[in-house]
Amino acid sequence: MEFKPLAWYKLRDVFEKITGKEIHLSRGDSTSIFWDPRDRYILVKCPMIGAYDYARYEHELAHVTFGTNPSYLRNLAVRIAKELDLVPWTSVYDYVSALECVRVQSLWAELYAGSHTLFTKTIKKEVTPLDVTLGLAFKPDAVPTELQNLKPIVDRIKHKSVWSLYDVAKDYLTTLKLRRQEREQQQKTGQNQGQSQQQNTPQQQNTSQTQQNVSQSQHQDSSIQTQQQSTPQTQQDKTSQTQQQNNTGQQQKQNVMQTWKQKDATTLLPNQDKDAKQRHTFEGDTPYDEDKYKELEDIDDKDSEDMAMQQLEEVKAKVRELTERERNDKRLMFPVTVSVPLRRRVATDDPELTRELTRLFSRFKGSNYYVPSEQGTAIDVEGYIQRLSGTNAEQWLDFKSRSRLTVVVVLDLSDSMEDVLELLASVGLSLRKALEGVKAIRFKVYGYRGYYGSVHVKELTEDEIRHLGCMGTTPTAEALEYIDTQLEGIADRKLLILVTDGEPTDIRGKRSEKTIELTRYRVNQLRQHGTQVFTIVLLPQQKEVQTWVKRAFGPEGAYTVAKPDTVGKIVVGMVASHVIRALTY
Ligand SMILES: [Zn+2]
């Protein structure tokens with residue numbers, strides 16, 4: 001699977017428009033989602049590396065798309081915890097939110113089946129509320145056998161609206177509680193009573209319990225203490241009432257909690273330390289109308305499914321419409337500085353070359369030159385090009401179009417171009433002069449380099465070509481993306497000749513597999529947008545074509561040159577062959 005870094009942002013853009021929410025995307029060690037309590041934005045964090053991360057990222061977008069509401073989930077957890085006499089409510093919350101994950105994922109699967117297949121593979125064989133619940137829904141063989149008969153309950157939340165959560169979650173937790181009680185009973189009769197304590201304070205109880213039992217649940221226990229002692233601000237607001245009520249029967253609830261935790265640590269649902277990468281956290285708040293939600297909880301499964309399916313259809317329609325449009329979105333994802341390094345030294349054109357080219361172009365200019373057949377193509381022209389460039393021009397000839405031609409020469413201005421820069425500048429100036437009077441041809445020269453975290457790229461004036469300097473890195477993909485946007489709207493036949501001498505880097509000068517993939521992607525984008533792309537790669541030391549050249553530019557698009565002094569001829573040959581084509585048709 002080819003992985004394009006821009007895909008993360010493009011998908012974000014699409015779903016920003018679909019959901020009407022501002023979605024911030026940033027890199028994080030684990031996957032998480034945060035709802036800004038003032039509803040200004042939703043922040044999704046994820047590692048942004050491989051395909052599994054991408055599937056998890058899409059899962060977060062599913063939460064945004066299908067209306068996950070963290071405040072409502074907490075409200076449900078608090079209510080259900082109270083109704084079922086389960087403490088702490090945060091444990092209940094783990095199951096409620098896991099069911100919400102099942103719900104949104106089931107809808108997302110209808111949208112992107114491939115992504116769902118990948119997501120299913122990320123479900124771990126671990127006995128945590130999240131993995132068990134997702135497993136029951138989508139990967140039952142990853143769930144312990146004794147839990148598998150809970151599947152019908154979990155499946156009920158699939159393809160439903162958010163208002164089915166209360167019913168299903170209560171059902172799920174009631175059953176879980178029952179199972180715990182059964183097991184507790186079994187254990188009581190089968191084992192000693194050493195765990196029945198009489199602590200004075202809940203905190204001590206927690207601590208000793210943890211130490212006596214399982215060190216693995218330490219994390220969980222400490223979070224329970226946090227819950228009881230210093231609840232985070234937003235949660236405290238929502239739950240203070242419940243907390244107060246709980247205090248009256250604190251001792252009794254503590255006992256329930258003990259068994260809950262104890263069972264967690266034994267057979268039913270132990271809380272293992274969760275791997276940071278697997279954790280999927282909800283944070284933040286979303287305001288909502290509590291009364292309205294509560295009323296909607298009364299709808300039956302059928303109505304709930306109808307609502308969810310209607311929502312799904314609306315999303316599908318928007319996806320179709322937007323992805324079509326976004327495909328042409330060329331928004332640049334990096335800083336661009338429109339400038340090039342200049343110096344005092346002055347390059348001049350090569351008078352002999354200028355004269356030769358002028359004569360060549362004017363010979364064809366305006367003349368109704370007829371090319372009899374593809375095979376017999378203007379032998380003199382080809383021969384000329386061949387002599388001039390020392391290469392076979394045939395492969396570059398384009399027989400299809402009669403429109404005008406825009407020729408773009410793109411010069412890599414990174415440090416190492418120093419040796420050939422003057423020669424290239426001279427060739428550029430000669431071509432420019434020779435083409436001055438040729439109306440059918442537009443000739444442009446761009447220079448680019450990476451410098452201080454931005455791409456410096458600019459269409460060069462004649463004066464700039466004369467004073468061209470070089471200094472910096474080689475962000476070829478980014479430069480090509482920028483130039484692609486500049487060529488948009490030019491209806492001519494377009495020819496782009498990239499002259500570079502090194503492996504592409506990112507803006508900061510780092511080389512990696514990714515920059516090569518990105519370069520290839522950009523070259524292909526240019527081609528898709530109607531620009532022919534050829535690359536001249538200067539490899540003074542190595543005669544053999546390095547693999548990255550082929551990978552970045554494709555086997556046919558790259559021309560490697562070992563001797564820098566032939567570069568000028570090749571550029572001239574390529575440009576001349578295309579110019580003549582444009583003039584003679
Ligand atoms: Zn989720």
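Residues numbered from 1 in each chain as written. Predicted model: local features only at pLDDT ≥ 70, side-chain atom pairs only at ≥ 80, totals over all residues.

S.K.: Hey, could you run me through the overall build of the chain in this one?
M.R.: Helices and strands together make up the secondary structure of the chain, namely 22 helices and 11 strands. Put simply, the chain has 585 residues, and 39% of those count as buried. Counting only contacts in the chain whose residues sit at least 6 apart along the sequence, the fraction spanning at least 24 positions is 75%. (Helix = DSSP H or I, 4+ residues; strand = E, 2+ residues; numbered from the N terminus. Buried ≥ 20, exposed ≤ 12 C-beta atoms within 10 Å, placed from the backbone. Contact = placed C-beta atoms within 7 Å.)

S.K.: Which parts of the structure should I look at to understand the pairing of strand 8 (residues 454-459)?
M.R.: Successive side chains on a regular strand alternate, one facing one side of the sheet and the next facing the other. As paired elements, strand 5 (residues 336-337) and strand 8 share two bridges and run parallel to each other. Across the sheet, residue Val336 finds its bridge partner in strand 8, namely Val455. Judged from the six bridges that link them, strand 7 (residues 441-451) and strand 8 form a sheet pairing that is antiparallel. Paired with Gly450 across the bridge in strand 8 is Val455. In textbook terms, the turn of a hairpin is the stretch between consecutive antiparallel strands, and for strand 7 and strand 8 this stretch comprises two residues, one of which, Tyr452, has a positive phi near 45°. (Pairing = 2+ DSSP bridges.)

S.K.: Hey, could you run me through helix 5 (residues 113-121) in this one?
M.R.: Residues spaced three or four apart along an α-helix point in a common direction, a consequence of the helix completing one turn every 3.6 residues. All of the buried residues along helix 5 are Ser115, His116 and Phe119. Along the long axis of helix 5, the arc covered by the buried residues comes to 100°, so they all point the same way. Exposed and oriented more than 90 degrees from the buried face of helix 5 are Ala113, Gly114 and Thr117. The inward-facing, buried residues of helix 5 contact helix 2 (51-65) and helix 4 (89-111). (Arc of directions from axis to C-beta.)

S.K.: Before we go on, may I ask you to explain the packing of helix 19 (residues 476-487) against helix 20 (residues 513-528) in this structure?
M.R.: Geometrically, a packed helix pair is captured by the angle between its two axes and the distance between the axes. Contact geometry for helix 19 and helix 20: axes closest at 8 Å, N-to-C directions at 20°. Judged on the interaxial angle alone, helix 20 and helix 19 are roughly parallel. Crossing hand, helix 19 versus helix 20: left-handed. Residues Thr476, Ala477, Leu480, Glu481 and Asp484 of helix 19 pack against Thr515, Leu518, Thr519, Arg522, Val523, Gln525 and Leu526 of helix 20. Considering only residue class, the contact of helix 19 with helix 20 consists of five nonpolar, four polar and three charged. (Axes fitted to C-alpha atoms, helices over the stretch in contact; angles between N-to-C directions. Parallel < 35°, antiparallel > 145°, perpendicular 65-115°, else oblique. Left-handed = near helix turned anticlockwise from the far one by under 90°. Nonpolar A, V, L, I, M, F, W, Y, C, P; charged D, E, K, R; others polar.)

S.K.: Any chance you could explain the nonpolar core here in plain terms?
M.R.: Most often, soluble globular proteins keep nonpolar side chains buried together rather than apart. In terms of nonpolar packing, the biggest core is built from 67 residues, with Val410, Ile497, Val499, Ile536 and Val571 touching the most fellow members. Residue contributions to this core peak at nine residues, all from helix 22 (residues 567-584). In this view, Val571 contacts Val409, Val427, Ile497, Val499 and Ile536; residues no more than four positions away in its chain are not counted. Counting 61 residues, the second-largest nonpolar core is a separate cluster that includes Leu11, Leu25, Val44 and Tyr172. (Core = buried A, V, L, I, M, F, W, Y, C linked by C-beta atoms within 7 Å.)

S.K.: Any chance you could explain the pairing of strand 7 here in plain terms?
M.R.: Among the 11 residues of strand 7, eight are classified as buried, and the element is accordingly described as predominantly covered. Examined bridge by bridge, strand 6 (residues 405-412) and strand 7 share eight bridges and lie parallel to one another. Opposite Val407, over in strand 7, you have Phe443 as the bridge partner. As a crossover connection, the stretch from strand 6 through helix 17 (residues 418-435) into strand 7 is right-handed. (Right-handed = clockwise from strand over helix to strand, strands pointing away.)

S.K.: Can you walk me through the environment of His456 in this structure?
M.R.: Position of His456 among the secondary structure elements: in strand 8. His456 gets classed as buried once you count the C-beta atoms within 10 Å, which come to 24. Each C-alpha atom of the pair His456 and Val336 lies 5.9 Å from the other, and the pair is 120 residues apart in sequence. Not counting residues up to four positions away in its chain, the partners in contact with His456 are Thr337, Ser339, Val340, Tyr448, Arg449, Tyr451 and Gly472.

S.K.: How should the environment of Lys121 be read in this particular structure?
M.R.: Among the secondary structure elements, Lys121 is positioned in helix 5. Classification of Lys121 as partly exposed rests on a count of 13 C-beta atoms within 10 Å. Taking C-alpha positions, Lys121 is 8.1 Å from Tyr52, a pair spaced 69 residues apart along the chain.

S.K.: Sorry if this is basic, but what is going on with the packing of helix 4 against helix 5 here?
M.R.: Between helix 4 and helix 5, the least distance of the axes is 6 Å, while the angle of their chain directions is 135°. By the angle between their axes, helix 4 is oblique relative to helix 5. Contacts between helix 4 and helix 5 pair Gln105, Trp108 and Ala109 from the former with Ala113, Ser115, His116 and Phe119 from the latter. Considered class by class, the residues forming the contact of helix 4 with helix 5 number four nonpolar, three polar and no charged.

S.K.: Got a minute to help me understand the sheet that holds strand 2 (residues 31-35) in this structure?
M.R.: Hydrogen bonds between backbone atoms are what pair the strands of a sheet, whose relative direction is either parallel or antiparallel. Pairing is mixed across the open sheet formed by four strands, whose spatial order is 1-3-2-4. The open sheet terminates on both sides in strands that have one partner only, identified here as strand 1 (23-27) and strand 4 (280-284). Strand after strand, the sheet turns through a mean of 15° between neighbouring axes, direction not considered. In this structure, strand 2 lies alongside strand 4, joined through five bridges in parallel fashion. Among the inter-strand pairings, Phe34 is bridged to a residue of strand 4, identified as Glu283.

S.K.: So what exactly am I meant to see when it comes to unusual backbone geometry here?
M.R.: Most peptide bonds adopt trans geometry, and most residues besides glycine take a negative phi value. The omega angle of the peptide bond from Val87 to Pro88 is -5°, so this bond is cis rather than trans. Mapped onto the elements, Pro88 comes out in the loop between helix 3 (70-84) and helix 4. Phi angles above zero are rare outside glycine, and Asp39 is one such case at about 65°. Tracing the backbone through its elements, the reader meets Asp39 in the loop between strand 2 and strand 3 (42-46). The class of Asp39 is partly exposed, set by 13 C-beta atoms lying within 10 Å.

S.K.: Just to check I follow, could you spell out helix 4 for this structure?
M.R.: In this model helix 4 runs 33 Å from its N-terminal to its C-terminal C-alpha over 23 residues, within 8% of the 33 Å that 1.5 Å per residue would give. Counting buried positions along helix 4 yields 18 of 23 residues, so the element is predominantly enclosed. (Expected span 1.5 Å × (residues − 1).)

S.K.: For this particular structure, what's the right way to read the confidence of the model for the chain?
M.R.: One rule of thumb: low pLDDT means the predicted coordinates there are not for detailed reading. Model confidence for the chain is summarised by a mean pLDDT of 76, while 73% of its residues fall at 70 or above. Long-range and interchain partners of residues 366-382, a stretch whose pLDDT sits below 50, account for 11 contacts in this model, where long-range means more than four residues apart. Confidence over residues 388-402 falls short of pLDDT 50; this stretch has 33 contacts with residues more than four positions distant or in other chains. (pLDDT = per-residue confidence, 0-100.)

S.K.: Just to check I follow, could you spell out the sheet that holds strand 7 for this structure?
M.R.: The strand order across the open sheet built from seven strands is 5-8-7-6-9-10-11, with neighbouring strands paired in mixed fashion. Looking at the sheet topology across the chains shown, the edges are occupied by strand 5 and strand 11 (558-561). Set on the sheet, helix 17 makes contact with strand 6, strand 7, strand 9 (493-500) and strand 10 (531-538); between it and strand 7 the angle comes to about 155°.

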